[in-house]
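# An overview of the molecular structure
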Amino acid sequence: FRVRACVWLRRVHILADEHGGQDRARALAEEVVRDLRSGLKPAEVDVRHSLGCEQLTCSVDELEPRERDSGLRRDIKEWAFSSTVGAVSDPMELEPGNLAVFLVARKTEEAVRPFEEVQGEIEEQLGNQRRREVEKALLADLYRDANLEPPALRAWLLRTGPAPDVDREVIASILSKPL
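These lines cover the structure that appears in this document, whether it is placed above or below. The shown structure was predicted, so the numbers you read here are calculated from the model rather than taken from an experiment.

For strand E2 (residues 6-15), the buried fraction is high: seven of the 10 residues fall into the buried class. One ladder, built from 10 bridges, connects E2 with strand E5 (residues 98-108); its direction is antiparallel. Across the sheet, the residue bridging to leucine 15 is asparagine 98, located in E5.

To continue, consider the nonpolar core. One finds Val12, Ile14, Val32, Leu51 and Val101 to be the most contacted residues of the largest nonpolar core, which totals 17 residues. In terms of residues, this core owes the most to one element, helix H1 (residues 22-37), which gives six residues. The residues touching leucine 51, leaving out its near neighbours within four places in the chain, are Val12, Leu28, Val32, Val45, Asp46 and Leu56.

The next subject is the sheet that holds strand E3 (residues 65-67). Here we have four strands laid out as an open sheet, ordered E3-E2-E5-E4, and antiparallel in their pairing. On the outer flanks of this sheet lie E3 and strand E4 (92-95), each paired with one strand and no other. Across this sheet, the average inter-strand angle for adjacent strands is 55°, counted without regard to direction. As paired strands, E4 and E5 are joined by three bridges and run antiparallel to one another. When the sheet's bridge partners are listed, glutamate 93 is paired in E5 with leucine 99. Each of E2, E4 and E5 is contacted by H1, which is oriented at about 20° to E5, the strand it contacts most. Of the strands in this sheet, E2, E3, E4 and E5 touch helix H4 (residues 74-82), which is tilted by about 35° from E5.

Turning next to H1. The periodicity of an α-helix, 3.6 residues per turn, causes residues three or four positions apart to be oriented the same way. Its 16 residues place the ends of H1 22 Å apart at the C-alpha level, agreeing with the 22 Å of an ideal helix rising 1.5 Å per residue. Every buried residue of H1 is listed here: Ala25, Leu28, Ala29, Val32, Val33, Asp35 and Leu36. One side of H1 holds all its buried residues, which, seen down the axis, span an arc of 165°. Across H1 from its buried face, at more than 90 degrees, point the exposed residues Asp23, Arg24 and Arg34. On its buried face, H1 is in contact with E2, helix H2 (42-48) and E5.

What counts, and at which threshold
- Residues numbered from 1 in each chain as written.
- Predicted model: local features only at pLDDT ≥ 70, side-chain atom pairs only at ≥ 80, totals over all residues.
- Heavy atoms only, no water.
- Buried < 20%, exposed > 50% of the residue type's maximum accessible area, 1.4 Å probe, protein only.
- Helix = DSSP H or I, 4+ residues; strand = E, 2+ residues; numbered from the N terminus.
- Pairing = 2+ DSSP bridges.
- Core = buried A, V, L, I, M, F, W, Y, C linked by side-chain atoms within 4.5 Å.
- Contact = heavy atoms within 4.5 Å.
- Axes fitted to C-alpha atoms, helices over the stretch in contact; angles between N-to-C directions.
- Expected span 1.5 Å × (residues − 1).
- Arc of directions from axis to C-beta.

Here it is as structure tokens:
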């Protein structure tokens, strides 16, 4: 019944090597932050600065949901989970020459759903699990009791001519022994 807290983060990486050095990259990152905080949409910021950054402009549904135990750096997670939707981070240096700016695109808080709300889902999951167990047991019984001795199976596999009707042959082999 528990829904885990998640955040969906848009991000843009600004590499110093691609933008004329550390100072220019930092200036660009600060402009991106300023534009996002002023209300420009991520796609508009991407075009304005010729970033070509798919993670900034893709649909929120295409973003990966991040949980508290995800592989994100601790300071990024702490910022993301303490911020509201639409919040924009200051430029963060991920490694020398690699700056990133994050935007919280979507967020869900941890919650416990009431049993009445999830009862149908639970019943469906239990029914599906039981069906899978029954099918697995039935198939195991059929294979165990099938008359598939190695010489007959080898002859069937090595036969030539038109393709055999697999369903009939398999069924006939399975039903050749009493269950």
